[in-house]
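Coordinate inspection notes
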Amino acid sequence: MKLTQLRDLVAVAEAGGLRRAARQLGIAQPALTRSIRDLEQELGVSLFERSSTGMVLTPIGAAFVRRSVAVQLELERARDEVQQLTGISAGVVSIGLSTAPHVSMLPRVLQPFHARYGNVRLKITESLFPSIEAAVRDGSVDFYIGPLSEDRLSGEFTAEKLFDNRRVVLGRRGHPLAAATTLRELAGARWVATSVTASSEAELYPLFDLHGLPHPVIAVQAQSALSMITVAAWSDLLAILPEQWLEFARTSRLLTHIRLDEQLVAPPIYIVRRTALPLTPVAEYLSDLFRRAALNRNTR
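Below you will find a few notes about this structure. Here the structure is a predicted model, which is why all the values come from computation and not from measurement. (Residues numbered from 1 in each chain as written. Predicted model: local features only at pLDDT ≥ 70, side-chain atom pairs only at ≥ 80, totals over all residues. Heavy atoms only, no water.)

This part takes up the overall build of the chain. A tally of regular secondary structure across the chain gives 11 helices and 11 strands. A principal-axis box enclosing the C-alpha atoms of the chain has dimensions of 70 × 50 × 35 Å. Buried positions account for 44% of the 300 residues belonging to the chain. At a minimum sequence separation of 6, the contacts of the chain that also span at least 24 residues come to 74%. Accessible surface, the chain as shown: approximately 15600 Å² in total, 53% of it carbon and sulfur. For the chain, the distance from the average site of its 34 positive side-chain charges to the average site of its 30 negative ones is 6 Å. (Helix = DSSP H or I, 4+ residues; strand = E, 2+ residues; numbered from the N terminus. Buried < 20%, exposed > 50% of the residue type's maximum accessible area, 1.4 Å probe, protein only. Contact = heavy atoms within 4.5 Å. Areas by Shrake-Rupley, 256 points an atom, 1.4 Å probe, with all protein chains shown as cover. Lys, Arg positive; Asp, Glu negative; His and termini not counted. Charge placed at Lys NZ, Arg CZ, Asp CG, Glu CD.)

What follows is the structure in structure tokens.
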């Protein structure tokens, strides 16, 4: 089995056909056809179902493609690591961040990172862990920083707590409930929410249960901070966000902080990486910058 065969397999799977894949790879279609056929013969299985409209992976083919993508990613990381260990600033670092590290830590990290590794491309995905777990697992994302669900992580991941956190309630400027001081006064409000888990109810409901209040009405479920801010700023829906968003609320003048007497505990912020393989030197340096930013996040 050759690495070029894995490359060809992934290209055909992504393109959905030999002609498009050959064009993308810049090779002749007969050579690509032969590569896929030889791979299937070696494995003793059909990886694709052929039709007049293209090629679709069989269940076995889909499983093999997942492994092939992981192999390619590891080879790219291995190449990056060798270059970095020899002093060459090159490669890619890919990270996933929730909203809290975006606001409170990323601004502290960018300047020193680019000053040292100006030729390394930094890829940032705004996400919570359930949406990015597979990418961390297969190595396409080096590490994730943010909250975790209550579920325990499997042994394939290592989670390091960076800091405990709390939440605040934000509403639009001039919100009719802006003077509220208790969660009970917000019991009849409607909310825009997102969640560490698959369900936004799992984030808000326990908070209201803790204070003996009826479950709130979640009118909008958002998948990004931008969506939450937009909805909260241009409607009467309230948002509950990590306290790191207070600075944004003050400077943007879009949102106002509804100051409640209750302490609204938020899930702690973790850094999560694969257990089995180390980070590249550049990714390790970046993760250490985030650790320092976590320690100094309250100093200005």
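More follows now that the structure is in view.
At their nearest, the axes of helix 1 (residues 3-15) and helix 2 (residues 18-25) sit 8 Å apart, and the two run at 125° to each other. As summarised for this structure, helix 1 and helix 2 are arranged oblique, according to the angle between their axes. As for the relative orientation of helix 1 and helix 2, their crossing is right-handed in sense. Note on element contacts: helix 2 touches helix 1 through Leu18, Arg20, Ala21, Gln24 and Leu25, opposite Arg7, Asp8, Ala11, Val12 and Ala15. (Axes fitted to C-alpha atoms, helices over the stretch in contact; angles between N-to-C directions. Parallel < 35°, antiparallel > 145°, perpendicular 65-115°, else oblique. Left-handed = near helix turned anticlockwise from the far one by under 90°.)

So, about the side chain of Thr256. With respect to the secondary-structure elements, Thr256 resides in strand 10 (residues 255-258). On the accessibility criterion, Thr256 (17% relative accessible area) is buried.

When helix 2 is considered as a whole, its buried residues turn out to be Leu18, Ala21 and Ala22. Burial along helix 2 is one-sided: seen end-on, the buried residues are contained in an arc of 100°. Summarising the geometry of helix 2, the exposed residues directed more than 90 degrees from the buried face are Arg19, Arg23 and Gln24. Summarising the contacts, the buried residues of helix 2 are in contact with helix 1, helix 3 (29-43) and strand 2 (54-57). (Arc of directions from axis to C-beta.)

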